[in-house]
Amino acid sequence: MQKDLNKLQHLHVQTSSWANVYILDTWAVIDAEAEAMLQALHSRSTGWIKHHLEILKQKWAANFMSKFYVWYGHKSIGDCGSATLFVEWISMLAAKAIQHHKLYSGQESSTRYIDFSKQKIHNPSWTSLGEQIQEKQRQFYLNILPPLKNHLAKKYPRNPDQKESIWQKAINAKAFDIARGFLPAWTSTNLAWHSNLRQIQDRILRLNHHPLEEVREVAKAILQVSIQKYPNSFTTKTYEDTERYAELSKDFYYFFEYPYPEFEVYKDNIDTKQVKKYQPLLEQRPNAKTELPQFLNSLGIISFKFLLDFGSFRDLQRHRAPDQQMPLLTDKIGFHPWYIQQLPKELQKEAQKHLKEIKQLTDQLDISPEIRQYYIPMWYLTTNFLQWTLPALVYLAELRSTRFVHPTLRKVAHQIWKYIEQKHNIKLFLDNEDIDFDIKRGLQDIQVK
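Keep in mind it's a predicted model, so treat the numbers as computed, not measured.

## Some details on the environment of E291
For E291, the position within the fold is in the loop between α12 (279–283) and β8 (301–309). Linking E291 and Y395, residues 104 residues apart in sequence, is a C-alpha distance of 6.7 Å.

Here it is as structure tokens:
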């Protein structure tokens, strides 16, 4: 098996900002294009799939996909074949841009379990001042981690019946939870993106017109490896009117309003009469792991406005159901106080001083608000406006209310939960225990044994 793996041809493109884009070669005999072709042929016939497999043997998928998918615009055919992309060494901002879609499926590196101190730096200002700011941010992060871990170890001492390695992992996770707030958005991360061919092509169009140059470069690299792998499903052909319209949307990509409420229900058009009609489904749900049926989306939506630090927004964005714009990361609103409060007292003044110094230096950079995001730590507050259906809200409130969720996001989940229960009299399964540290956090990791 090892010999076979060595023969796999994973395609790779690197951007000028060192981002790596790979498209996975699974060495499938029937690849994504061929699989899409088979399903398309099957949809136009009442015959057996065996017949279409014979056609595949004779003609393969190339001519079919180039004729009916790319040129004829039968986009649904592209839904039937999928690919897996790996994007490495991109900023938090670029990762959020790729993931900002309801159909995104994939994984991203977690600041909870990975030490980002050695990650590459994105300095889009291309100035020595920008580099100076970033080095100060990196060094501060490195400096606070050891004393922070020591502080937490004293604050949450290991019980004799607790395994030391698990306890130490839980301490580290807690430390990374706190220290992540001091990481700026230039911090590099990796992501995996599993998608059908149609969605990749559609996302490339939008990413090609993103406000950030880094994202536009990654989009070009994604298209390049996709064409290499599936030349009959992807094309460089563009349509002037469509491109012009995509370019127009760039000016509306980021959302920011000031002043902004800490938490507010903006609109609630849930049909209360219909809620009563479906009361058995709401009352007899056995536990939090049982989701509400999706047809309850028709009951209406609830819109919320709230402030949330960018670090926790990253967790919130993993929920694909809500409608939302990407919040602009800015230092105009202020930072979430939780991060400072978790530091030992001797580090709190140092952190305040560091925060002030970074802001003063960043103010000297002659850059746009979009580029400025790279130099802003993730503990700063963002303005969030989200529209949710009832099933999506219940899922969010229950999943993000547990003690294993970052406290700043957990607070928002509890506010949503209280509103749903009080306004619509719907039972939710919530974790209400005020536990600041749980050793089970040390078990929440993915490792090769």
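Here the narrative resumes, following the displayed structure.
## Examining empty space enclosed by the protein
Following the criterion strictly, the structure yields three cavities of 30 Å³ or more and no others. Split by residue class, the lining of the largest cavity holds six nonpolar, one polar and two charged.

## Some thoughts on the packing of aromatic side chains
Scanning the entire structure with this criterion turns up 16 aromatic pairs. With centroids separated by 4.5 Å and ring planes inclined at 15 degrees, the aromatic side chains of F335 and W379 adopt a geometry described as stacked. Taken together, the residues span a long stretch of sequence, with F335 in the loop between β10 (326–327) and α14 (337–341) and W379 in the loop between α16 (369–372) and β11 (381–389) at a distance of 44 residues. For F335, a relative accessible area of 24% corresponds to the partly exposed category. Geometrically, the ring pair formed by F335 and Y380 is edge-to-face, given 6.4 Å between the ring centres and 90 degrees between the ring planes. Of this pair, F335 sits in the loop between β10 and α14 while Y380 sits in the loop between α16 and β11, and the two are 45 residues apart along the sequence.

## Some thoughts on a nonpolar patch on the surface
Residues V29, I30, I49 and L53 make up a contiguous nonpolar surface patch of roughly 320 Å² in combined accessible area. Of note, I49 is situated in helix α3 (residues 49–59).

## Examining the sheet that holds strand β1 (residues 11–14)
Taken in spatial order, the five strands of this open sheet run β1-β2-β3-β5-β4, and their pairing is antiparallel. Every interior strand has two partners, whereas the edge strands, β1 and β4 (106–108), have only one. The sheet shows a mean angle of 10 degrees between the axes of neighbouring strands, taken without regard to direction. Judged from the four bridges that link them, strand β2 (residues 20–23) and strand β3 (residues 82–91) form a sheet pairing that is antiparallel.

## Brief notes about the sheet that holds β11
Strand order in this open sheet of four strands is β7-β8-β11-β9, and the pairing throughout is antiparallel. At either margin of the open sheet sits one strand with a lone partner, and together these are β7 (263–268) and β9 (323–324). Across the face of the sheet, helix α17 (residues 390–399) comes into contact with β8 and β11 while running at roughly 130 degrees to β11.

Calculation rules
Residue numbers restart at each chain and count upward from 1, following the sequence in its written direction. With pLDDT at 70 or above as the cut-off, local features in this predicted model cover only qualifying residues; side-chain atom pairs require 80 or more to be listed or tallied, and sums for whole chains, interfaces and linings still use all residues. Side-chain descriptors were evaluated using all non-hydrogen atoms of the structure, hydrogens and water having been removed beforehand. Think of it this way: any DSSP run of H or I at least four residues long counts as a helix, any run of E at least two long counts as a strand, and we number them from the N terminus. Two kinds of site are reported from a 1 Å grid over the protein atoms alone, namely cavities, where a 1.4 Å probe fits but cannot get out, and pockets, open sets with protein on both sides within 12 Å along at least five of seven lines, and residues are called lining when an atom falls within 4 Å of a point. Grid points are joined across faces, edges and corners, and a volume is the space filled by probe spheres set on the points. Any residue outside Ala, Val, Leu, Ile, Met, Phe, Trp, Tyr, Cys, Pro, Asp, Glu, Lys and Arg is labelled polar, Gly included; the first ten of those are nonpolar and the last four are charged. Classification of ring pairs uses Phe, Tyr and Trp, with its six-membered ring standing for Trp, and accepts pairs whose centres are within 6.5 Å; under 30 degrees between planes counts as stacked, over 60 as edge-to-face, and the remaining range as tilted. Type-normalised accessible area, obtained with a 1.4 Å probe on protein chains alone, sets the label of each residue: buried when under 20%, exposed when over 50%, and partly exposed for intermediate values. Surface patches are drawn from residues lacking salt bridges whose relative accessible area is over 30%; two like charges belong together within 9 Å, two nonpolar side chains (Val, Leu, Ile, Met, Phe, Trp, Tyr) within 5 Å. Computed with a 1.4 Å probe, the accessible areas rest on the Shrake-Rupley method; for each residue, only the protein chains presented here act as cover. When a carboxyl oxygen of Asp or Glu lies within 4 Å of a side-chain nitrogen of Lys or Arg, that pair is called a salt bridge. In this analysis, strands are considered paired if DSSP registers two or more bridges between them. Where helices are involved, their axes are fitted lines through C-alpha atoms of the stretch in contact, as for all axes, and angles between N-to-C directions lie from 0 to 180°. In what follows, a contact means two residues having at least one pair of non-hydrogen atoms within 4.5 Å.

The values are spatial; any link to function lies outside them.
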